[in-house]
Amino acid sequence: MSSSRLKITDTTFRDAHQSLMATRLRTEEMEPIAEMMDSSGFHSLEVWGGATFDATTRFLAEDPWDRLRTFKRLMPKTPLQMLLRGQSLVGYRNYADDVVKAFVDRSAEVGIDVYRVFDALNDERNLETAANAIKKVGKHLQMTICYSTTEEGRMGGPIYDLEYFIKRAQAFQTMGADSICIKDMAGLLAPYDAYDLVGSLKSMLDLPIQLHTHYTSGMASMTVLKAIEAGVDVIDTCLAPLALRTSQPAIEPLLVSLKGSERDPQLQLAPMLEMGDHLESVLIKYRNLLTSTKASVVDARVLSHQIPGGMASNLASQLREADALDRLQEVLAEIPITRAELGFPPLVTPISQMIGSQAVSNVLFGKYSMISGPIKDYIFGLYGRPPAPVQISVVEKVLDGYERGQEPFTGRPADLLEPEMPDARNAIKNISDDPDDVLTYALYPTTGMKFLRIKHGLDPVPDEMRPHDATGEPTRDTLVSKPFKSADFPKSARARAFNVHLGEEVYQIEVDPIQVDPERSKSGTKFTGAETPTSTGHKASSPLGLDPGDIGIEAPMPGLLLRHTATVGQGVRAGDPVVVLEAMKMENSLTAPIDGKVKSLPMAEGSSVVKGNILAVISPLAQDTVGK
Ligand code: CO
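Residues numbered from 1 in each chain as written. Predicted model: local features only at pLDDT ≥ 70, side-chain atom pairs only at ≥ 80, totals over all residues. Heavy atoms only, no water.

A. Summary view of the overall build of the protein. A tally of helices and strands in the protein yields 22 helices and 18 strands. In the protein, once contacts between residues fewer than 6 apart in sequence are set aside, the share between residues at least 24 apart is 73%. Element-wise, carbon and sulfur atoms account for 53% of the exposed surface of the protein, whose accessible area totals about 26600 Å². (Helix = DSSP H or I, 4+ residues; strand = E, 2+ residues; numbered from the N terminus. Contact = heavy atoms within 4.5 Å. Areas by Shrake-Rupley, 256 points an atom, 1.4 Å probe, with all protein chains shown as cover.)

Structure, rendered in structure tokens:
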């Protein structure tokens, strides 16, 4: 047993609220306890990365770079840590090397001291550029093993055995890692497996070992304790109000448990309780977000389905938006099947979302009949090497007609990418030349641009992005709701004309059913980006003028209409892509159901759409043109 003092990283300002409340804490809500956090004696404070970048720009109208700057100012003593998704940085796809370098340089300059770097597939080629950039700026490089299990929920089996993890860690040591993190995002690491894994890594490597785990399955307290007995150097915890459930273990009981032992972290309990009181006072307005409908704090099912907490809540909200929440059990059963077919990837961002969304599609629309762009790219090899081969029949089906080719690529994925920074600079040159803004755009071209327009005063802050008051409602400038513009509600193909007779006069009106998911309007939550039509989103549409035989392409789920891939008047064959819908954070190509001509594209690029909106109308080829 090690006799050194245990060190602790606090995750309250990043992973804890990401896990329990979709990363919705605002900087101003964390500021009051920042100085106390800095004085508490933590090894490091995880404050940035993962979903913070996305959530601040997409939902909070808050600049993530300013958040980091504020944290650095208020917490200058303790190293600030971020989670970096390797070549995917804080996004959901691989970025070109120039973006990775620029991001590391800038974040190091603004305030990050410790980089926890991981790749969803544990493919070290995806960590190379980030690792080199971090070493170059002289910051701490923590390289991460994503922990996963093959089938039964314990270490072992054909893929994820002790040897697999040791090999990864040895490769990271060779690459210059300053420490190694075992990242157990789904709470799957069992206590005695943790003891074996930590003990083996400690004996084989000459690097500090840190354990990051989630409480989800209920094992985390026991797992952390066994890891401490095996000599783990650092563990991750958070303050009690944001602990347990799908978040980290709480620090308070651990401090008392270890008091007087060889591994006593020697941190004071009192400031933790005081900071917890502050959080309690803030979290009361987020009770709608935090409240689970389940009686259980522990999700025992995760031991069989291996689904990380964030992913499970995403799935539920995706299904709710698609009006199919009743099919959650089918989706949970489909996930391990989809995962096995796709080469047993660890379920971690962004792969977890991709597998989850594909499982949702497989259940709602049939096996691989709707395939997102990212899944095609994954199978082609653009995300790296999966731990096991992808099932050959799936490869053939998915890559059939794929634009890059039918044979998967086996090199380092980022070698295929051209530099992206020049285009990003150019795209926002009329708005800003601030390097923070350029990176925000480079990472999130669509939602990043929306955010930058708000930040620079070109668009107003939408109500749903404003801070919430004590009742949980967004604060508003005025209590009177604005009248809706007809442009906000483009007429759909379902509009019907009626004659209304009033005495001697007749009025013709058109009636269009409101296509809003009843569940969501009932609950009144304001947290889905696609919920309310945006003022900039829609352009007024011309009447669709449907003729018999015309077919509308409906949005199968809510999302953002990214772009049209066909133009009005263009001839298309069944299966040709017509529009690209960003839904479930991924691009989905919607295809023509029949051979024909694009008659109209009723909604503008950039529009938020709800399920059932008609995105394109295809008219069948007229008889006389067939065969010409
Ligand atoms: Co985590």
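B. Fine view of a nonpolar patch on the surface. Residues Phe498, Val500, Tyr507, Ile509 and Val511 make up a contiguous nonpolar surface patch of roughly 410 Å² in combined accessible area. Looking at the nonpolar patch, the elements that each hand over two or more residues are strand 9 (496-502) and strand 10 (505-511). Tallying contributions element by element places strand 10 first for the nonpolar patch, with three residues. Topologically, Phe498 is positioned in strand 9. (Patch = residues over 30% accessible without salt bridge, like charges linked within 9 Å, V, L, I, M, F, W, Y side chains within 5 Å. Salt bridge = Lys/Arg side-chain N within 4 Å of Asp/Glu carboxyl O.)

C. Highlighting the pattern of salt bridges. Under the counting rule described, the total for this entry stands at 33 salt bridges. Between Arg69 and Asp66 there is a salt bridge, with the nearest N and O atoms lying 2.8 Å from each other. Residue Arg69 and its partner Asp66 are located together in helix 4 (residues 64-74), separated by three residues, close to a single helical turn. Classification of Asp66 as partly exposed rests on a relative accessible area of 36%. For Arg106, the salt bridge goes to Asp436, with nearest N and O atoms at 2.6 Å. One end of the pair, Arg106, is in helix 5 (residues 97-110); the other, Asp436, is in helix 20 (residues 435-443), with 330 residues separating them in the sequence. On the accessibility criterion, Arg106 (16% relative accessible area) is buried. Taken together, the salt bridges that share partners define one network made up of Asp66, Arg69, Arg106, Glu109 and Asp436. (Buried < 20%, exposed > 50% of the residue type's maximum accessible area, 1.4 Å probe, protein only.)

D. Local environment of the coordination of the cobalt ion. The coordination sphere of the cobalt ion, as far as protein atoms go, consists of Asp15 (OD), His212 (NE2) and His214 (NE2), spread over 2.0 to 2.1 Å. Donor residues binding the cobalt ion come from one chain and are separated in sequence as D-x196-H-x1-H. Taken together, the positions of Asp15 in helix 1 (residues 12-21) and His212 in strand 7 (residues 209-213) put the pair 197 residues apart, joining distant regions of the chain. An identical accessibility class is assigned to Asp15 and His212; each is buried. (Donors = N, O, S within 2.8 Å, 3.2 Å for Na, K, Ca; no water.)

E. Examining the nonpolar core more closely. In this structure, Met75, Leu84 and Phe103 are the most contacted members of the largest nonpolar core, which totals 105 residues. No other element matches the seven residues that helix 5 contributes to this core. Beyond its immediate chain neighbours, meaning those up to four positions away, Phe103 contacts Trp48, Phe53, Trp65, Met82, Leu84, Leu89, Val90, Leu439 and Leu443. The next biggest cluster of nonpolar side chains, apart from the first, holds 37 residues, and it includes Leu332, Val363, Tyr383 and Tyr402. (Core = buried A, V, L, I, M, F, W, Y, C linked by side-chain atoms within 4.5 Å.)

F. Spotlight on the sheet that holds strand 16 (residues 596-600). Reading across the sheet, the four strands line up as 11-18-16-13 and stay open at both edges, with antiparallel pairing between neighbours. This sheet does not close on itself; its edge strands, each paired only once, are strand 11 (551-554) and strand 13 (571-572). In this structure, strand 11 lies alongside strand 18 (residues 614-620), joined through four bridges in antiparallel fashion. Residue pairing across strands places Glu554 opposite Ile614, the latter belonging to strand 18. (Pairing = 2+ DSSP bridges.)

G. Representation of helix 11 (residues 269-283). For helix 11, built from 15 residues, the straight-helix expectation of 21 Å at 1.5 Å per residue is met to within 8% by its first-to-last C-alpha distance of 21 Å. Buried residues along helix 11 sit against helix 1, helix 2 (27-38), helix 10 (251-258) and helix 12 (287-290). (Expected span 1.5 Å × (residues − 1).)

H. Spotlight on the pairing of strand 2 (residues 44-49). Burial of strand 2 is extensive: six of the six residues sit out of reach of the surface. In this sheet, strand 2 lies alongside strand 1 (residues 7-10) in parallel orientation, the contact comprising two bridges. Within strand 2, the residue paired with Thr9 across the bridge is Ser44. For strand 2 and strand 3 (residues 80-84), the ladder comprises four bridges, and the chain directions are parallel. Following the sheet pairing, Glu46 is matched in strand 3 by Gln81.

I. Looking closely at the sheet that holds strand 6 (residues 179-184). Spatially, the eight strands close up into a barrel ordered 1-2-3-4-5-6-7-8, and their pairing is parallel. When the angles between neighbouring strand axes are averaged without regard to direction, this sheet yields 30 degrees. In this structure, strand 1 lies alongside strand 8 (residues 234-237), joined through four bridges in parallel fashion. Within the sheet, the bridge partner assigned to Ile8 lies in strand 8 and is Ile235. Each of strand 3, strand 4 (114-117) and strand 5 (140-146) touches helix 6 (residues 128-136); the most contacted strand, strand 5, lies at about 155 degrees to it. With respect to the sheet, helix 9 (residues 220-229) is in contact with strand 7 and strand 8, its orientation differing from that of strand 7 by roughly 175 degrees. (Axes fitted to C-alpha atoms, helices over the stretch in contact; angles between N-to-C directions.)

J. Here's a closer look at the packing of aromatic side chains. Counted according to the given criterion, the structure contains 15 aromatic pairs. Centre to centre, the rings of Tyr160 and Tyr164 are 5.0 Å apart; their planes meet at 80 degrees, and the pair counts as edge-to-face. In this pair, the class of Tyr160 matches that of Tyr164, namely buried. Feature note: the residues Trp48, Phe53, Trp65, Tyr92, Phe103 and Tyr444 constitute an aromatic cluster, connected by ring pairs. The cationic tip of Arg24 hangs over the ring face of Phe59; the distance from NZ or CZ to the ring centre is 3.8 Å. Above the plane of the ring of Tyr195 lies Lys226, whose end atom (NZ or CZ) is 5.0 Å from the centre. (Phe/Tyr/Trp six-rings, centres within 6.5 Å; stacked < 30°, edge-to-face > 60°. Lys NZ or Arg CZ within 6 Å of the ring centre and 35° of its normal.)

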